[in-house]
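# Architecture at a glance
Residue-level listing of the chains:
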Amino acid sequence: MESLELLESHPGPLVVPILVVTEVAYLLARRLGAEAEVRFLGDFAAGNLISEAVAGEDWLRIAELVGRYRDLPLGTVDASVVAAAERLQLSQIATLDRRHFAVVRPSHIPAFELLP
């Protein structure tokens, strides 16, 4: 299943950590132009996507993950996805970065189910 198909078929809404919102908006604008960025932002306005703030307790977990997986390197944005998923007890992650998320072991389940 491709990313567009996932977005069109997932019952949603999808939770998007705020650090990911910034990264995706930048990449969309740079690679596909302002129209793609506007559509992405419109999905938040429509309720198809829900932004998730970094909670205070997430910062320590993000730092732990960045340190533990420094050889990947995991990075702050990807670690924020893991921290939010753990806090919200989510088992699925939509990502094109299968290499990183296939390696990371969350604290609440043995492994994430990676979509698409």
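Treat the numbers as computed from the prediction; the structure is a model and nothing was measured. Every chain is numbered on its own, with residues counted from 1 as its sequence reads. With pLDDT at 70 or above as the cut-off, local features in this predicted model cover only qualifying residues; side-chain atom pairs require 80 or more to be listed or tallied, and sums for whole chains, interfaces and linings still use all residues. The side-chain values count all of the structure's non-hydrogen atoms but skip hydrogen atoms and water molecules.

### A word on a nonpolar patch on the surface
As a reminder, the rule being used: Every patch collects residues that have over 30% relative accessible area and no salt bridge, joining them within 9 Å if they carry like charges and within 5 Å if they are nonpolar side chains (Val, Leu, Ile, Met, Phe, Trp, Tyr). To be clear on the numbers: accessible area is Shrake-Rupley with a 1.4 Å probe, and residue cover counts the displayed protein chains and nothing else. Each reported salt bridge corresponds to a side-chain nitrogen of Lys or Arg within 4 Å of a carboxyl oxygen of Asp or Glu. For every residue, the accessible area (1.4 Å probe, protein chains only) is compared with the maximum for its type, and the residue is labelled buried under 20%, exposed over 50%, or partly exposed between those bounds.
Together, Val15, Ile50, Leu88 and Leu90 make up an exposed nonpolar region whose accessible area comes to about 270 Å². Looking at Leu88, the relative accessible area reads 33%, which means it is partly exposed.

### Some remarks on helix 3 (residues 34–45)
Keep this limit in mind: Per the convention used, a helix needs a DSSP run of H or I reaching at least four residues, while a strand needs a run of E reaching at least two, with both numbered from the N terminus. Expected helix span is computed as 1.5 Å times (number of residues minus one). Two residues qualify as a contact provided that any one of their heavy atoms is within 4.5 Å of a heavy atom in the partner residue.
Taking 1.5 Å of rise per residue, 12 residues should cover 16 Å, and helix 3 covers 16 Å from first to last C-alpha, within 8% of that figure. Elements that come into contact with the buried residues of helix 3 comprise strand 1 (14–17), helix 2 (18–31) and strand 2 (49–52).

### Regarding the side chain of Asp58
Filter applied, for reference: Any pair of N or O atoms that falls within 3.5 Å is considered a polar contact. Within protein, one atom must be able to donate a hydrogen and the other to accept it, and sequence-neighbouring residues count only if both atoms are side-chain atoms.
Tracing the sequence through the fold places Asp58 in helix 4 (residues 58–68). Here Asp58 falls in the buried class, since its relative accessible area comes to 5%. Only 2.8 Å separates the side chain of Asp58 from the side chain of Arg87, close enough to count as a polar contact.

### Focus on the pattern of salt bridges
Under the definition given, this model contains 4 salt bridges. Residues Arg87 and Glu52 are paired through a salt bridge, measuring 2.9 Å at the closest nitrogen-oxygen approach. Here the residue Arg87 occupies a position in helix 5 (residues 76–88), and Glu52 occupies one in strand 2, the gap between them amounting to 35 residues. What makes Arg87 partly exposed here is its relative accessible area of 27%. Among the residues examined, Glu52 registers a relative accessible area of 18% and is labelled buried.

### Notes on the nonpolar core
Condition: The definition of a nonpolar core used throughout is a set of buried Ala, Val, Leu, Ile, Met, Phe, Trp, Tyr and Cys residues joined through side-chain atoms within 4.5 Å.
Core analysis: the largest hydrophobic core is formed by 27 residues, its most contacted members being Phe40, Leu65 and Leu74. When residues of this core are traced back to their parent elements, those giving at least two are strand 1, helix 2, helix 3, helix 4 and helix 5. The element best represented in this core is helix 5, accounting for 6 residues. When residues no more than four places from it in sequence are discounted, the contact partners of Phe40 are Val21, Val24, Ala25, Leu28 and Leu49.

### A short note on the environment of Trp59
Structurally, Trp59 is set in helix 4. A relative accessible area of 44% means that Trp59 is categorised as partly exposed. Sequence separation between Trp59 and Tyr69 is 10 residues, and the spatial gap between their C-alpha atoms is 15 Å. The residues contacting Trp59, other than those within four sequence positions of it, are Leu19 and Val54.

These results come straight from atomic positions and should not be treated as a statement about function.
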